[in-house]
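Overview (structure and organization)
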Amino acid sequence: AQSVSQHNHHVILSEAASLELGCNYSYGGTVNLFWYVQYPGQHLQLLLKYFSGDPLVKGIKGFEAEFIKSKFSFNLRKPSVQWSDTAEYFCAVSGGADGLTFGKGTHLIIQP
Amino acid sequence: KAGVTQTPRYLIKTRGQQVTLSCSPISGHRSVSWYQQTPGQGLQFLFEYFSETQRNKGNFPGRFSGRQFSNSRSEMNVSTLELGDSALYLCASSLDTEGFGYTFGSGTRLTVV
């Protein structure tokens with residue numbers, strides 16, 4: 001079975017700081033990787049996804065993620081965060097018979 | 001285009017009752033999957049349907065079931081409700097089972113009392 005581990009459950013940053021959220025997965029086969037965001041009171045939205053090709057993928061709102069196969073990692077980054085980035089961030093993987101497997105999520109708070 | 005629509009938005013049921021939740025996917029999407037979101041367990045996969053066939057199933061008891069209709073709309077049913085079934089139930093649709101990006105609905109908040 002596949003599993004996803006997100007390193008930080010809560011992260012607090014100041015505006016303009018750089019962001020990196022860690023995500024590691026375990027699955028022996030080919031995987032598709034995703035980052036979703038859930039803003040307060042809103043539904044899950046796709047930030048970015050990796051299926052194949054360039055391991056550095058760019059998503060919406062200035063986010064990017066790098067797939068490092070040897071480390072089973074798919075970390076999310078943003079060079080300069082804004083107050084509006086306050087949200088819950090979920091890393092997810094698909095590839096087996098378990099549908100999308102999500103990490104526990106990281107609650108990000110950006111202080112103005 | 002319209003997003004994924006889930007009805008109802010909120011539901012309160014009594015222990016032992018059964019409940020049916022509905023999901024209308026984005027037009028043209030043939031894959032519908034269901035997830036349970038709780039504070040303690042996070043997001044957990046329930047099952048996935050593609051062209052009216054259940055393709056994958058998560059680790060939930062048989063009280064949780066679903067189906068998909070020819071128009072790709074899906075329903076999930078929970079029988080003999082337990083207090084622990086209180087959760088946000090999310091539906092996601094995709095063009096196919098590999099998920100070229102799943103689009104999620106706003107969910108149905110189920111409270112079992």
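Scroll up to find the structure this text is about.
Computed from a predicted model, the values in this text were never measured in an experiment.

Ranked by internal contacts, the top residues of the largest apolar core, which has 28 residues, are L33, W35, L47, L48, F74, L76 and Y89 of chain A. At four residues, strand 10 (residues 87-94) of chain A tops the list of elements feeding residues into this core. Core analysis: the next-biggest nonpolar cluster, separate from the first, contains 21 residues, C23, V32, Y49 and V78 of chain B among them.

Scanning all chains against the criterion turns up two disulfides over all chains. Sulfur-sulfur distance for the disulfide between C23 of chain A and C91 of chain A comes to 1.9 Å. Handedness of the C23 of chain A-C91 of chain A disulfide follows from its S-S torsion of about -65°: it is left-handed. With a gap of 68 residues between them, C23 of chain A in strand 4 (residues 23-26) and C91 of chain A in strand 10 connect regions that are remote in the sequence. Covalent S-S linkage joins C23 of chain B and C91 of chain B, the inter-sulfur distance amounting to 1.8 Å. Across the disulfide from C23 of chain B to C91 of chain B, rotation about the S-S bond amounts to roughly -55°, and the bridge is consequently left-handed.

Moving on, we come to the pattern of salt bridges. All names here are of chain A. Under the definition given, this model contains eight salt bridges over all chains. Measuring nitrogen to oxygen at the nearest pair gives 2.9 Å for the salt bridge that ties K58 to E64. What makes K58 exposed here is its relative accessible area of 64%. A salt bridge links E66 to R77; the shortest N-O distance between them is 3.2 Å. Separated by eleven residues along the polypeptide, E66 in strand 8 (residues 64-68) and R77 in strand 9 (residues 73-78) bring together distant segments of the chain. Taken together, the salt bridges that share partners define one network made up of K58, E64, E66 and R77.

Let us look at the interface of chain A and chain B. Between chain A and chain B, the contact holds 17 residues from the first and 18 residues from the second. Summed over both partners, the interface of chain A with chain B comes to about 1400 Å²; 54% of that surface belongs to carbon and sulfur atoms. Put simply, chain A and chain B have zero salt bridges between them. One can count four residue pairs in polar contact (both at pLDDT 80 or more) joining chain A with chain B. Counting residues per element, the ones that place at least two in the side of chain A that touches chain B are strand 5 (32-38), strand 6 (45-50) and strand 10 of chain A.

Take the layout of surface pockets next. Its volume calculated, the largest pocket comes out at about 570 Å³. What lines the largest pocket is a set of 25 residues, among which Q38 and Q42 of chain A together with Q37, L88 and R109 of chain B lie closest to the centre. Mapped onto the lining of the largest pocket, the elements with two or more residues apiece are strand 10 of chain A together with strand 4 (31-38) and strand 9 (87-94) of chain B. If you tally residues by element for the lining of the largest pocket, the top one is strand 10 of chain A, at three residues. In terms of lining residues, the second largest pocket is bounded by 17 residues, among which T101 and F102 of chain A together with L43, Q44 and F45 of chain B are the most central. When residues of the lining of the second largest pocket are traced back to their parent elements, those giving at least two are strand 1 (3-6) and strand 11 (101-102) of chain A together with strand 5 (42-50) of chain B. With three residues, the single largest contributor to the lining of the second largest pocket is strand 5 of chain B. Residue composition of the lining of the second largest pocket, by class: seven nonpolar, eight polar and two charged.

Cut-offs applied
- Residues numbered from 1 in each chain as written.
- Chains lettered and ligands numbered in written order.
- Predicted model: local features only at pLDDT ≥ 70, side-chain atom pairs only at ≥ 80, totals over all residues.
- Heavy atoms only, no water.
- Core = buried A, V, L, I, M, F, W, Y, C linked by side-chain atoms within 4.5 Å.
- Buried < 20%, exposed > 50% of the residue type's maximum accessible area, 1.4 Å probe, protein only.
- Helix = DSSP H or I, 4+ residues; strand = E, 2+ residues; numbered from the N terminus.
- Disulfide = S-S within 2.5 Å.
- Salt bridge = Lys/Arg side-chain N within 4 Å of Asp/Glu carboxyl O.
- Contact = heavy atoms within 4.5 Å.
- Buried area = accessible area lost by both parts, 1.4 Å probe.
- Polar contact = N/O pair within 3.5 Å; in protein donor to acceptor, adjacent residues only side chain to side chain.
- 1 Å grid on protein atoms, 1.4 Å probe; cavity = no way out; pocket = protein on both sides within 12 Å on 5 of 7 lines; lining within 4 Å.
- Points joined across faces, edges and corners; volume = space filled by probe spheres on them.
- Nonpolar A, V, L, I, M, F, W, Y, C, P; charged D, E, K, R; others polar.

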